[in-house]
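Structure at a glance
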Amino acid sequence: MSNPAPAPALRDPATLRVLISADRIHQRIAEIGQQIDEDLVGDGPIYLIGILKGSFIFMADLARAIRRSARIEFMGVSSYGRGKSSSGEVRVLKDLDVSIAGADVIIVEDIVDSGITLTYLKSLLETRQPRSLRIATLLDKPERRLRPVEVDYVGFQIPDEFVVGYGLDFAEDYRNLKEVCVLE
Ligand code: 5GP
């Protein structure tokens, strides 16, 4: 059996450029957490629904920035696969195992690009009759939007560049970088 190709060095200065530092990310997430606590006052837990896999680090930090009790769920959808370009279709690979009827729900996404994934997920989850349904994304590339989608909480708007780190990958590498970096 042949060995897999070695992954590129995580901090190769020739290919990675820091776009958003870890400090800026943490500061912004604290603000978003505070905003969510002000906006969503009510009984019962908030359901945070992270979209796998890219949202997992944002999810962990956002959950801890919210004071109200939060329950953590994940959904898996097909998106870019191993390349850089969108297939344009969305498939649910892992659905929720719980009912969200009557609950305050926030979809937690890593990045909104074309808006195709979130448009699909929002209409899917709305059919399950949550009390409220909002979207939080760490990153937003507004220039690339193909479907208009209303995003309630945006960490950072970024230019049309392919980014990795802080949960985001390229072919499964780079997710564990502390910063958001442009892959050049
Ligand atoms: P959309 O459906 O909005 O086009 O795509 C959203 C998904 O595409 C994100 O959840 C993410 O998986 C992927 N994506 C879009 N832009 C980037 C990017 O710059 N870097 C990475 N790593 N993934 C991206």
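Everything below is about the structure printed above this text.
Presented here is a report on the structure given in the accompanying data block. (Residues numbered from 1 in each chain as written. Predicted model: local features only at pLDDT ≥ 70, side-chain atom pairs only at ≥ 80, totals over all residues. Heavy atoms only, no water.)

Now for the site of the ligand. Lining the immediate surroundings of the ligand are 17 residues, of which D110, S114, T117, V163 and D169 lie closest. Take E109: an N or O atom from its side chain is 3.3 Å from an oxygen atom of the ligand. Coverage of the ligand by the protein amounts to 93% of the 510 Å² it exposes when considered alone. Contributing elements (two or more residues each) for the shell around the ligand: β5 (104-112) and α3 (116-126). (Near = heavy atom within 4 Å. Polar contact = N/O pair within 3.5 Å; in protein donor to acceptor, adjacent residues only side chain to side chain. Areas by Shrake-Rupley, 256 points an atom, 1.4 Å probe, with all protein chains shown as cover. Helix = DSSP H or I, 4+ residues; strand = E, 2+ residues; numbered from the N terminus.)

Where charged atoms from two side chains of opposite charge approach closely, those side chains can pair. Within the structure shown, the criterion is met by 16 salt bridges. Across the salt bridge formed by E31 and R28, the nearest N and O atoms sit 2.8 Å from each other. Linking E31 with R28, this pair stays in helix α1 (residues 22-39), spanning three residues, or about one helical turn. When the shortest N-O distance is used, the salt bridge between D104 and R68 registers 2.9 Å. Here D104, found in strand β5, pairs with R68, found in the loop between α2 (56-65) and β3 (70-77); they are 36 residues apart in sequence, far enough to count as distant. You'll find D104 and R68 in the same group, each marked buried. Because the salt bridges share partners, they merge into one network encompassing K53, D169, E172 and R175. (Salt bridge = Lys/Arg side-chain N within 4 Å of Asp/Glu carboxyl O. Buried < 20%, exposed > 50% of the residue type's maximum accessible area, 1.4 Å probe, protein only.)

Taking strand neighbours across the sheet as the criterion, the six strands line up as β4-β3-β2-β5-β6-β7 in an open arrangement whose pairing is mixed. Two strands in the sheet have a free side with no partner beyond their single neighbour: β4 (92-94) and β7 (153-157). Each strand axis lies, on average, 30° off the axis of its neighbour in the sheet, ignoring direction. In this sheet, β5 lies alongside strand β2 (residues 46-52) in parallel orientation, the contact comprising five bridges. (Pairing = 2+ DSSP bridges. Axes fitted to C-alpha atoms, helices over the stretch in contact; angles between N-to-C directions.)

Interpretation in functional terms is not warranted from these geometric data alone.
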